[in-house]
Amino acid sequence: MKYSFLGILVLIFSVFAACGANIFSTAQEIDMGADFAGEIEKNTKILDNIEWNGYINDIGQRIVAVSDRQDIEYHFKIIDDDSTVNAFALPGGYIYVYSGLLLKADNEAEVAAVLAHEVGHVVGKHGVKQLTKMYGYQFIVALALGEDPSLLEQIAADVLGGVGMLYYGRDNEYESDEFAVKYIYILGYDPNAIVTFFNKLSEFQTKDPSYIEKLMSTHPQPADRIKKVQEKIALLPPKEDLVLNTELYRQRLKRLYIK
Ligand SMILES: [Zn+2]
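My aim in this report is to walk through the structure given alongside it, one point at a time. Remember, predicted model here, so these are calculated numbers, not experimental data. (Residues numbered from 1 in each chain as written. Predicted model: local features only at pLDDT ≥ 70, side-chain atom pairs only at ≥ 80, totals over all residues. Heavy atoms only, no water.)

Quick look at the nonpolar core
Now for step 1: Trp-52, Ile-56, Tyr-74, Leu-102, Leu-115 and Val-119 are the most contacted members of the largest nonpolar core, which totals 49 residues.
Now for step 2: The element contributing the most residues to this core is helix H5 (residues 108-123), with ten residues.
Now for step 3: Not counting chain neighbours up to four residues away, the residues in contact with Ile-56 comprise Phe-76, Ile-78, Val-97, Leu-102, Val-111 and Leu-115.
Now for step 4: Of all hydrophobic cores here, the second largest spans 22 residues; its members include Ala-37, Phe-88, Leu-90 and Leu-143. (Core = buried A, V, L, I, M, F, W, Y, C linked by side-chain atoms within 4.5 Å. Buried < 20%, exposed > 50% of the residue type's maximum accessible area, 1.4 Å probe, protein only. Helix = DSSP H or I, 4+ residues; strand = E, 2+ residues; numbered from the N terminus. Contact = heavy atoms within 4.5 Å.)

Printed below as a string of structure tokens:
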């Protein structure tokens, strides 16, 4: 009886999977993420504005510097789509935020909160875990080996369509929220920005269900998350001079987004 090399690999990985281990090395995660990011960027329009992309990347890299995962390079980019209020992280440190979300934010702290949440997904390696759960080990192994480009297309379409790996599961979302509270607090932002942003999302949801549908379908109920985030914030030691950077953000938005 003859087994294929891939078949044996899948078998080995499945055993690891049964034990709940993360079967991918960091190098494999980065490779997969880079392919994935390429596919996403083929199907979206990255905002053509060096200043805004630079601004978002600066905030992102400051978060990364205080994060719990430094073994990869992080990339932050803006997708030019004013009607979508969303952000997502791919495996390997590729993080995207829609311009629609930037328009809904009232201050820099809210933007930092969203980016820190997405960094949290990379820190927790939620992307690889969720991909594996959704598409199965055999597919993900094939993906990691670069054997099935059409699969990558399919997953990219799922991500952009608002289904699939954007929702990392309730526990992973809570974990990322916790990372977000911690990171933006360390950076001197008021962590209540997470609460104000969630509240805003609930408000849109009641006003216009379809508008925010995508974001809500991919993340747990804001009410639950707000409660948990507030509990975490209450445990933080008091800190002076926490900032929201509202005026700075408003000016930037005015200058660059009024078309
Ligand atoms: Zn999330």
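Section: the side chain of Lys-200
Now for step 1: Relative to the elements of secondary structure, Lys-200 occurs in helix H10 (residues 192-207).
Now for step 2: Among the residues examined, Lys-200 registers a relative accessible area of 11% and is labelled buried.
Now for step 3: For Lys-200, the side chain forms a polar contact with the side chain of Glu-110, separated by 2.5 Å.
Now for step 4: The contact partners of Lys-200, leaving out residues within four places of it in the chain, are Lys-104, Ala-105, Asp-106 and Glu-110. (Polar contact = N/O pair within 3.5 Å; in protein donor to acceptor, adjacent residues only side chain to side chain.)

Structural notes on helix H13 (residues 246-257)
Now for step 1: When the terminal C-alpha atoms of H13 are compared, their 16 Å separation across twelve residues agrees well with the 16 Å that a helix rising 1.5 Å per residue should span.
Now for step 2: Residues of H13 that are buried: Tyr-249, Arg-252, Leu-253, Leu-256 and Tyr-257. Buried residues of H13 fall within an arc of 100° about the axis and therefore sit on the same side. More than 90 degrees from the buried face of H13, the exposed residues found are Lys-254 and Arg-255.
Now for step 3: Those residues of H13 hidden inside the fold are in contact with helix H3 (50-65), strand S1 (75-79), helix H4 (99-104) and H5. (Expected span 1.5 Å × (residues − 1). Arc of directions from axis to C-beta.)

So, the packing of helix H9 (residues 170-186) against helix H12 (residues 222-234)
Now for step 1: It is the contact of H9 with H12, at a shortest axis distance of 10 Å, that shows an interaxial angle of 40°. Viewed along their axes, H9 and H12 form a crossing whose handedness is right-handed. Counting all contacts with H9, which are made through Arg-170, Glu-173, Tyr-174, Asp-177, Glu-178 and Val-181, the residues of H12 involved are Asp-224, Arg-225, Lys-228, Val-229, Lys-232 and Ile-233.
Now for step 2: In the contact of H9 with H12, the residues fall into four nonpolar, no polar and eight charged. (Axes fitted to C-alpha atoms, helices over the stretch in contact; angles between N-to-C directions. Left-handed = near helix turned anticlockwise from the far one by under 90°. Nonpolar A, V, L, I, M, F, W, Y, C, P; charged D, E, K, R; others polar.)

So, the packing of aromatic side chains
Now for step 1: Scanning all chains against the criterion turns up seven aromatic pairs.
Now for step 2: Measuring from ring centre to ring centre gives 5.4 Å for Trp-52 and Tyr-55, while their planes differ by 90°; the resulting arrangement is edge-to-face. A residue pair is termed a helical-turn pair when its members lie 3 or 4 positions apart in one helix, as Trp-52 and Tyr-55 do in helix H3 at three residues.
Now for step 3: Residues Trp-52 and Tyr-249 carry aromatic rings whose centres are separated by 6.0 Å and whose planes lie at 85° to one another, so their mutual orientation is edge-to-face. Here Trp-52 is found in helix H3, whereas its partner Tyr-249 is found in helix H13, with 197 residues between them in sequence.
Now for step 4: Residue classification places Tyr-249 among the buried positions, given a relative accessible area of 0%. (Phe/Tyr/Trp six-rings, centres within 6.5 Å; stacked < 30°, edge-to-face > 60°.)

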